[in-house]
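Results of the structural survey
The primary structure of each chain is shown beneath.
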Amino acid sequence: MREALVILPSSSITLPPNSSPTPPHHHRSATAKPKPKFKPKQKPTQSPLLSTLRWDSASQNVHGLKYYAELASKLAQDGRFNDSLMIAESVVVSGVNAAEFAALLNAKIVSDGIVRLLEEGKLRSVVELLTGAQKLGIEPLKLLDGAAIDSLSRECRRTMECGEIEEAVSLMETLKGCGMPIKELVKPSEIIRLCISQRKPNTAVRYAHIFPHVDIMFCTVILEFGKKGDLASALTVFEASKQNQDTPNLYIYRTIIDVCGLCGDYMKSRSIYEGLIASKFTPNIYVFNSLMNVNACDLSYTLDIYKQMQKLGVPADLTSYNILLKSCCLATRVDLAKEIYGELKHLELAGTLKLDVFTYSTLIKVFADAKMWQMALKIKRDMLSAGVTPNIVTWSSLISACANAGLVDQAIQLFKEMLQAGCEPNSQCYNILLHACVEACQYDRAFRLFRSWKEHALQKDNCGDLGSKTDNTIDLSPTLMVSGSIPDCTSASPHGHFSTRISFRPTTSIYNTLMKACGSDYYRAKALMEEMKKVGLSPNHISWSILIDICGGSGNVEGALQILRSMREAGIQPDVVTYTTIIKVCVETKDFKSAFSLFAAMKRYQIKPNMVTYNTLLRARSRYGSLQEVQQCLAIYQDMRKAGYKPNDYYLKQLIEQWCEGVIQNGNQRKGYFSSRNRSGLEPESMILEKVAEHLQKDNANSVSINLRGLSKVEARIVVLAVLRMIREKYTAGDSIKDDVQIFLGVQEVGIRAVRQESVIKGAVIKLLQHDLGLDVISATSRIGNDKNQDGVNNLEKCSNMEEHAERGILRANMHSPTRRPAVLQKLRIPKESLQSWLTRRLDASIEQ
């Protein structure tokens with residue numbers, strides 16, 4: 001016979017009836033000594049309140065079972081879950097069916113105990129009760145009523161809200177194992193949101209595995225990480241999703257590709273696609289469409305994917321063609337868009353496809369961006385003929401097509417047609433019309449349109465009074481019913497009377513456009529900015545930049561700088577547009593010092609200049625007057641190239657050449673030297689500016705070496721003149737001349753005929769120095785070979801450190817020649833005495849003038 005150990009933890013428990021199994025001996029009466037039905041297995045060694053019982057099959061009656069169920073329930077009500085579980089275990093182990101025993105438990109009082117412990121924050125004890133019941137075969141959910149489930153849900157949310165996401169997910173895993181309805185305890189979206197905010201992809205993966213539809217959970221988690229721009233975490237979840245899959249889940253692949261697009265990493269989407277192809281698995285149309293959409297900015301790649309899709313036998317749908325049209329729009333390929341449209345019309349006639357509003361809207365935008373408003377209107381007619389109703393995107397593109405072409409009247413007419421068609425305009429439509437007026441310099445018309453929209457938003461409709469508002473009040477309600485006319489801003493009388501539904505909610509962009517319509521009226525623009533604040537809108541970077549531009553346009557540089565300070569005080573940090581705007585103001589007012597100071601401030605605040613910023617500074621001057629000005633612009637030029645921009649340096653080269661030519665005494669006679677005779681000497685890809693910058697950025701002008709190796713005749717002349725002008729300006733500032741000027745022309749191997757180009761450069765430089773500048777020039781050579789006792793080596797040892805480095809730099813390639821053929825270093829030298837005399841003459845001449 002099976003025996004069971006029943007532990008009775010307290011003497012306060014009510015005894016069972018006489019017909020029930022005999023309770024432990026410490027509950028017996030002193031006078032009544034009936035024969036015990038439970039024979040102890042051994043003498044008890046525990047306290048008098050504990051004993052062992054043997055469950056006899058004869059005693060397994062309903063009354064006895066009810067007693068122990070009531071006993072376990074009351075223990076649970078008192079929060080003594082361990083004792084309650086021990087009784088339940090004893091009963092179940094003895095052979096009683098767990099479901100039968102659970103049915104006799106009082107769920108109400110058990111739930112009361114669970115609620116009390118949860119209110120005391122003893123969640124762990126409740127979890128141990130549920131887990132223990134699950135192990136015994138008792139369904140934990142039957143131990144909880146509605147109040148207990150609500151209390152458990154609150155405690156789970158409290159754990160989650162405390163930021164303990166790891167503990168919360170562990171709790172969900174345990175409760176799921178107990179068969180609890182975890183979706184009812186805490187919404188899955190709340191757990192996922194916390195995993196996303198704390199960037200815990202692995203925790204999110206654990207939570208996703210709780211659910212049977214784990215693939216859907218993976219997609220949700222990946223997408224939410226993507227919305228936050230956390231591609232790394234999304235990829236972690238994606239890799240985890242592939243571990244327990246025999247075949248790729250294309251739904252997950254499509255989601256991660258979409259996320260790559262959200263995060264702006266289209267190259268990663270390509271590698272994911274290539275990995276899918278490498279697995280010998282054919283993507284479906286949805287994966288292909290997502291991949292093309294993410295890479296729509298690259299038309300050639302999008303077309304390649306479209307061709308691959310055809311090769312793999314995946315038929316394109318309307319979405320595929322719409323994405324191709326989108327890619328054509330981004331690439332401004334009007335011709336290709338026309339071809340795709342022709343193919344689509346053929347498929348539509350064949351009954352294969354039915355063009356939708358997105359197709360027509362994209363086509364209209366292609367022609368709108370190309371300022372082909374006639375073609376845009378033709379597409380609109382085709383659209384109406386096909387029975388497709390234009391939406392707000394279609395109308396906005398049509399209005400933009402006419403606005404871009406400067407057809408303000410046509411744009412306003414389309415706006416009226418949109419209202420007549422029952423399409424409610426959005427803020428973008430309003431702003432397009434205002435922008436068209438500003439671009440056409442019809443500033444008053446822009447303000448009349450704006451006032452008219454406000455007035456109509458405050459009118460009464462046929463249904464009653466919308467409120468007694470004055471004309472100076474702007475109604476910011478989402479939608480207003482308007483009954484009346486669509487204003488014709490070209491005349492006082494309105495046209496086209498009808499009722500329509502229209503909403504007008506001014507936006508920051510609309511106010512910014514109106515500020516542009518202020519022209520040079522700074523105070524009017526300032527009033528508009530104040531009005532923005534009154535209606536609850538916050539001026540953005542563009543607002544402040546426009547105000548700076550208007551203020552600086554009147555020549556008030558100090559006022560523009562004050563606006564910049566006010567912008568920072570308002571809590572808005574200037575961006576590249578703001579800095580570029582105020583730099584432009586400083587340049588236009590010839591305040592170059594402030595312009596370059598603002599550029600330096602940009603670099604301090606780690607704001608990257610754009611192409612406009614660089615070009616504004618490089619084109620600031622029409623001529624250079626000092627070495628510092630040249631060095632400033634050359635530094636900006638080099639910074640521009642390092643930033644990845646390809647400058648059009650024709651203008652800068654011209655200014656540098658003019659500055660260098662200023663060294664020649666009879667400057668007026670030499671004017672136009674490069675502009676007429678030798679302009680062809682500079683190639684489009686010439687690195688002359690880099691060479692000039694390299695020489696002018698040397699700190700020590702007392703010991704100068706000029707390296708002309710590899711330069712053309714014109715380039716060599718510019719470099720020599722640039723260095724001489726630098727020397728002259730530093731001499732004027734007080735620097736003395738201590739050493740000769742060394743000019744290195746190149747290396748000629750002994751026994752090999754001199755290159756004709758080097759001879760031409762040498763002759764041109766000598767003529768420049770002697771004839772044009774009146775300097776003494778000494779031609780010298782240094783013979784370098786294998787014999788360390790040759791004069792060339794001795795000469796090198798006698799050179800200064802700067803000359804030695806320059807010569808060795810020129811000779812490095814020759815010294816490593818396999819033949820070790822002796823070489824001759826060709827150079828020119830300007831004695832310091834001649835240079836001193838030339839500088840003195842120049843200084844005296846400038847004083848006399």
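Source: prediction; values computed, not measured. Starting afresh in each chain, residues are numbered from 1 along the sequence in its written order. In view of the model being predicted, local features appear only for residues whose pLDDT reaches at least 70, and side-chain atom pairs are presented and counted only at 80 or more, with totals across whole chains, interfaces and linings using the full set of residues. Just so you know, side-chain values use all the structure's heavy atoms and leave hydrogens and water out.

Describing the packing of helix H15 (residues 285–294) against helix H17 (residues 318–330)
Threshold: Inter-axis angles, ranging from 0 to 180 degrees, are taken between N-to-C directions of lines fitted to C-alpha atoms, where helices are fitted over the stretch in contact. Helix and strand definitions here come from DSSP, where helices need a minimum of 4 consecutive H or I residues and strands a minimum of 2 consecutive E residues; each element is numbered from the N-terminal end. An angle below 35 degrees is treated as roughly parallel, one above 145 as roughly antiparallel, one from 65 to 115 as roughly perpendicular, and anything else as oblique. Between two residues, a contact is recorded if the distance between any of their heavy atoms is within 4.5 Å.
Packing of H15 against H17 brings their axes to within 10 Å, and their N-to-C directions diverge by 10°. As summarised for this structure, H15 and H17 are arranged roughly parallel, according to the angle between their axes. Between H15 and H17, the residues in contact are Ile285, Asn289, Met292 and Asn293 and Thr319, Ser320, Ile323 and Lys326, respectively.

A closer look at the packing of aromatic side chains
Counted only if it meets this: Classification of ring pairs uses Phe, Tyr and Trp, with its six-membered ring standing for Trp, and accepts pairs whose centres are within 6.5 Å; under 30 degrees between planes counts as stacked, over 60 as edge-to-face, and the remaining range as tilted. In this analysis the charged atom, NZ for Lys or CZ for Arg, is taken to sit over a ring once it is within 6 Å of the ring centre and within 35 degrees of the ring normal.
In the structure shown here, the tally under the stated rule is eleven aromatic pairs. Taking the ring centre of phenylalanine 447 as reference, the NZ or CZ of arginine 524 above it sits at 3.7 Å. A cation sits over an aromatic face here: arginine 621 above phenylalanine 592, 4.7 Å from the ring centre.

Comments concerning the UniProt feature "repeat: PPR" (unreviewed entry) in the protein
The line we're drawing: UniProt positions are given in the numbering used here, feature names are shortened, and annotations may be inferred rather than shown by experiment.
As annotated by UniProt and renumbered to match this structure, "repeat: PPR" (unreviewed entry) occupies residues 317–351, 356–390, 391–425, 426–460, 540–574, 575–609 and 610–647. Across residues 540–574, helical content stands at 74% and strand content at 0%; the span's end C-alpha atoms are separated by 10 Å. The straight-line gap between the two end C-alpha atoms of residues 575–609 is 9 Å; of that span, 74% is helix and 0% is strand.

A closer look at the side chain of serine 327
Mapped onto the elements, serine 327 comes out in helix H17. With residues near it in sequence (within four places) discarded, serine 327 still touches Ala296, Asp298, Leu299 and Thr302.

Regarding unusual backbone geometry
As a reminder of what qualifies: Relative accessibility decides the category of a residue: with a 1.4 Å probe and only protein chains considered, values under 20% of the type maximum give buried, values over 50% give exposed, and everything between is partly exposed.
Phi is positive for lysine 280, close to 60°, though the residue is something other than glycine. Its place among the elements puts lysine 280 in the loop between helix H14 (266–278) and H15. Not every positive phi belongs to a glycine, and lysine 590 is a case in point at roughly 65°. You can see lysine 590 is positioned in the loop between helix H29 (576–588) and helix H30 (592–604). Note on lysine 590: relative accessible area 55%, which makes it exposed.

Some details on helix H10 (residues 201–208)
By the criterion of burial, H10 is predominantly enclosed, with six of the eight residues buried. Every buried residue of H10 is listed here: Pro201, Thr203, Ala204, Val205, Tyr207 and Ala208. Contact partners of the buried residues in H10: helix H7 (165–177), helix H9 (188–197), helix H11 (214–227) and helix H12 (231–241).

Quick word on the confidence of the model for the protein
Note the following rule: pLDDT measures how confident the predictor is about each residue, on a scale from 0 to 100.
Confidence in the prediction for the protein averages 76 pLDDT; 76% of positions are at 70 or higher. Mean pLDDT across the elements of the protein ranges from a minimum in strand S1 (residues 480–486), with 33, to a maximum in H15, with 95. Across residues 665–680 the pLDDT falls below 50, and counting only partners more than four positions away or on other chains, this stretch makes 23 contacts in the model. Ignoring residues within four places in sequence, the model shows residues 785–819, a span with pLDDT below 50, making 45 contacts including any to other chains.

Here's the deal with the pattern of salt bridges
The criterion, for reference: For this analysis, a salt bridge means a side-chain nitrogen from Lys or Arg found within 4 Å of a carboxyl oxygen belonging to Asp or Glu.
Tallied over the full model, the rule gives 20 salt bridges. With a closest N to O distance of 3.6 Å, arginine 199 and aspartate 230 form a salt bridge. Residue arginine 199 is located in the loop between H9 and H10, and its partner aspartate 230 is located in the loop between H11 and H12; the two are separated by 31 residues in the primary sequence. For lysine 227, the salt bridge is made with glutamate 224, and the minimal N-O distance between the two is 3.5 Å.

Quick notes on the side chain of serine 543
To keep it simple, the criterion reads: For this analysis, a polar contact is any N or O atom pair within 3.5 Å, provided that within protein one partner can donate a hydrogen and the other can accept it, and provided that sequence-adjacent residues contribute only side-chain to side-chain pairs.
Following the sequence through the fold, serine 543 ends up in helix H27 (residues 541–553). Within polar-contact distance, the side chain of serine 543 engages the side chain of asparagine 540 at 2.9 Å. Setting aside anything within four residues of it in sequence, one finds serine 543 in contact with Thr508, Asn512, Met515, Met529 and Met532.

Some words on the packing of helix H20 (residues 373–385) against helix H21 (residues 392–404)
To be explicit about the condition: With the far helix as reference, a near helix turned anticlockwise by less than a right angle produces a left-handed crossing, and one turned clockwise produces a right-handed crossing.
Running from N to C, H20 and H21 cross one another at 155°; their axes reach a closest spacing of 8 Å. Our classification of the angle between H20 and H21 gives roughly antiparallel. Considering only the axes of H20 and H21, their crossing is left-handed. For the pair formed by H20 and H21, the contact residues are Trp373, Ala376, Leu377, Lys380 and Met383 on the first element and Thr394, Trp395, Leu398, Ala401 and Cys402 on the second.

Re the environment of valine 557
With respect to the helices and strands, valine 557 occurs in helix H28 (residues 557–569). Residue valine 557 is classed as buried on the basis of its relative accessible area of 12%. Here the alpha-carbon distance between valine 557 and serine 594, two residues 37 residues apart in the chain, equals 9.1 Å. Ignoring anything within four residues of it in the chain, the contact list for valine 557 reads Val585, Cys586, Thr589 and Asp591.

Thoughts on H11
Definition in use: Here a helix's expected span is defined as the number of its residues, less one, multiplied by 1.5 Å.
In a regular helix each residue adds 1.5 Å, so 14 residues correspond to 20 Å; H11 covers 20 Å between its end C-alpha atoms and thus fits that length. The complete set of buried residues in H11 reads Val214, Met217, Phe218, Cys219, Val221, Ile222, Phe225 and Gly226. Backbone geometry just after H11 places glycine 229 at a positive phi near 75°.

A closer look at the environment of isoleucine 583
With respect to the helices and strands, the residue isoleucine 583 is situated in helix H29. Residue class for isoleucine 583 comes out buried when judged on its relative accessible area of 0%. Sequence spacing of isoleucine 583 and alanine 595 is twelve residues, and the spatial spacing of their C-alpha atoms is 4.9 Å. Beyond its immediate stretch of four places on either side in the chain, isoleucine 583 contacts Ala595, Leu598, Phe599, Met602, Thr613, Thr616 and Leu617.

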